[in-house]
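Each chain is listed here by its residues.
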Amino acid sequence: MVIKILKNFFKRTFSNIFRHKKKIKLGFYGPPNAGKTSLANRICKDFTGEEIGTVSKIPHETRNVQFKEKVDIEYKGKTMTFKMIDTPGISTRIDYENFLKYKLKKKEAKTRAKEATQGVIESIKWLDDMDVVVIVLDSTENPYNQVNITIIGNLVARKIPVLIVANKLDLKKANIKKIESAFPEYDVVGISAKYGDNLEEFYESIFKLSKKI
Ligand SMILES: Nc1nc2c(ncn2[C@@H]2O[C@H](COP(=O)(O)OP(=O)(O)O)[C@@H](O)[C@H]2O)c(=O)[nH]1
Ligand SMILES: [Mg+2]
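Scoring rules and cut-offs
Residues numbered from 1 in each chain as written. Chains lettered and ligands numbered in written order. Predicted model: local features only at pLDDT ≥ 70, side-chain atom pairs only at ≥ 80, totals over all residues. Heavy atoms only, no water. Helix = DSSP H or I, 4+ residues; strand = E, 2+ residues; numbered from the N terminus. Buried < 20%, exposed > 50% of the residue type's maximum accessible area, 1.4 Å probe, protein only. Contact = heavy atoms within 4.5 Å. Areas by Shrake-Rupley, 256 points an atom, 1.4 Å probe, with all protein chains shown as cover. Lys, Arg positive; Asp, Glu negative; His and termini not counted. Charge placed at Lys NZ, Arg CZ, Asp CG, Glu CD. Pairing = 2+ DSSP bridges. Right-handed = clockwise from strand over helix to strand, strands pointing away. Axes fitted to C-alpha atoms, helices over the stretch in contact; angles between N-to-C directions. Near = heavy atom within 4 Å. Polar contact = N/O pair within 3.5 Å; in protein donor to acceptor, adjacent residues only side chain to side chain. Nonpolar A, V, L, I, M, F, W, Y, C, P; charged D, E, K, R; others polar. Expected span 1.5 Å × (residues − 1). Donors = N, O, S within 2.8 Å, 3.2 Å for Na, K, Ca; no water. Salt bridge = Lys/Arg side-chain N within 4 Å of Asp/Glu carboxyl O.

Draft legend 1. Summary view of the overall build of the protein chain. From N to C terminus, the protein chain includes seven helices and six strands. Ordering the α and β elements of the protein chain from the N terminus gives α-β-α-β-β-α-α-β-α-β-α-β-α. Seen through its principal axes, the protein chain has C-alpha atoms that stretch 75 × 35 × 35 Å. Here the protein chain holds 213 residues, and the buried ones make up 45% of them. Partitioning the contacts of the protein chain with sequence separation of at least 6, the portion at a separation of at least 24 is 70%. Accessible surface, the protein chain: about 12400 Å² in total, of which carbon and sulfur atoms supply 53%. Separation between the mean location of the 40 positive side-chain charges and that of the 26 negative ones in the protein chain comes to 4 Å.

This is how it looks when you write it as C-alpha cells:
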C-alpha cells in the first residue's frame, strides 16, 4: 500500500516536472502580409527583449523559417515555455511582377519571387513539427480563399490544435465577423499586432490550447 502511494507520488511529481519543462512548438502561419512576424515580434519582445525577424509592407519579407528557441510567456501568474516559429507566407501565386509595384528592380523582384516560392515549400514542410499553430489573417481581407482553407485542412489532417487570429483590427475595413463565420469551428481572437491590442485574450487562448497537447 505504502509503496503504491509512493509510486503514485513520484509518478505525479515527475510528470508535473516534465510538463513544466516541456517546450511547446508554436508556429505562426498564414498568407503573406497578414502580420505573422509583427505578432511574433511583439510576443518575443515582451518576454525576451528581442525580436524574431523583419516586418515589411512588401509581401514575402519572411522567406525562411525563423525561430526564437525559448520564450517564457507569463500570463496570470502562470508561465509556459514556447519555441516560436515564424514562417514564410503561404500563397498559391507568386509573380515577380507584383514586386515591381514596390519599386524593386526586376532582378531583385525575380530573386524575391524565387525565394518566396522556396519559402512556401519550407513552411509546409515544417507543419509536421508544430505542437500548436496560430493562423494569422488580415481581417481587412476576404477570408474565404484557397490558401486559408488549405492551411487549415492540413492542420486538421495532422490533428494540430489551431487558433485563428484576426489581425489589423485597428483598421476601419477590418471585419472579424467574416472570419468567424468562415471558420465557425475555431476560436478566433481579434487583435492588432501593430498596436498590441487585445493580446491578453490571445495569451489566454494560447494557454488554453497548449494545455490540451
Ligand atoms: N494596421 C496594421 N498593420 C499591421 C498590423 N500587423 C502588421 N501590419 C503591417 O502589415 C505589413 C505586413 O506585416 P508582417 O508582420 O511583415 O506580415 P507577415 O508577412 O505576415 O509576416 C507591415 O506593413 C506591417 O506593419 C496591424 O495589426 N495593424
Ligand atoms: Mg513575416
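Having seen the model, we can carry on.
Draft legend 2. Here's a closer look at the pairing of strand β5 (residues 162-167). With six of six residues buried, β5 lies mostly within the body of the structure. Because side chains alternate across β5, one face comprises the buried residues Val162, Ile164 and Ala166, and the other comprises Leu163, Val165 and Asn167, equally buried. Of the strand pairs in this sheet, β5 and strand β6 (residues 188-190) are connected by three bridges, and their pairing is parallel. From the neighbouring strand, Val165 faces β6, where its bridge partner is Val189. Assessed by its sense of winding, the connection that carries the chain from β5 through helix α6 (residues 176-182) to β6 is right-handed.

Draft legend 3. Main features of the sheet that holds strand β1 (residues 23-29). Pairing within the open sheet is mixed, and its six strands lie in the order β2-β3-β1-β4-β5-β6. In this open sheet, the two strands that pair with only one neighbour each are β2 (66-75) and β6. The mean angle between the axes of side-by-side strands here comes to 30 degrees, regardless of whether they run parallel or antiparallel. Strand direction decides the pairing type here: strand β4 (residues 132-138) and β5, joined by six bridges, are parallel. Across the sheet, the residue bridging to Asp138 is Asn167, located in β5. The sheet contacts of helix α5 (residues 146-157) involve β1, β4 and β5, and relative to β4 the element is tilted by about 170 degrees.

Draft legend 4. Structural context of the site of ligand 1. The local shell around ligand 1 holds 17 residues, among which Asn33, Lys36, Thr37, Ser38 and Asp170 are the closest. Separating an oxygen atom of ligand 1 from a backbone N or O atom of Ser56 is a distance of 3.3 Å. Interatomic distance of 3.1 Å between a backbone N/O atom of Lys194 and an oxygen atom of ligand 1. Starting from 580 Å² of accessible surface for ligand 1 in isolation, the protein chains cover 89%. Take the shell around ligand 1: its biggest share by element is three residues, from helix α2 (residues 36-48). The class makeup of the residues in the shell around ligand 1 is five nonpolar, seven polar and five charged.

Draft legend 5. Summary view of α2. Helix length check: α2 (13 residues) gives 18 Å between terminal C-alpha atoms against 18 Å at 1.5 Å per residue, within 8%. Here α2 has its buried residues at Lys36, Thr37, Leu39, Ala40, Asn41, Ile43 and Cys44. Residues of α2 that are buried make contact with β1, β2, β3 (78-86), β4, β5 and α7 (199-211). Immediately beyond the C-terminal end of α2, within one or two residues, lies Gly49, with a positive phi of roughly 85 degrees.

Draft legend 6. Local environment of the coordination of the magnesium ion (ligand 2). With distances of 2.0 to 2.1 Å, the protein atoms coordinating the magnesium ion (ligand 2) are Thr37 (OG1) and Thr62 (OG1). Separated by 25 residues along the polypeptide, Thr37 in helix α2 and Thr62 in the loop between α2 and β2 bring together distant segments of the chain. Each member of the pair, Thr37 as well as Thr62, carries the same accessibility label: buried.

Draft legend 7. Representation of the pattern of salt bridges. Scanning the model with the defined rule gives 12 salt bridges in all. Ionic pairing is found between Asp138 and Lys168, a salt bridge with its closest N-O pair at 3.2 Å. Here Asp138, found in strand β4, pairs with Lys168, found in the loop between β5 and α6; they are 30 residues apart in sequence, far enough to count as distant. Look at Asp138 and you get buried, because its relative accessible area is 13%. Through salt bridges with shared partners, a single ionic network connects Lys23, Glu69 and Lys83.

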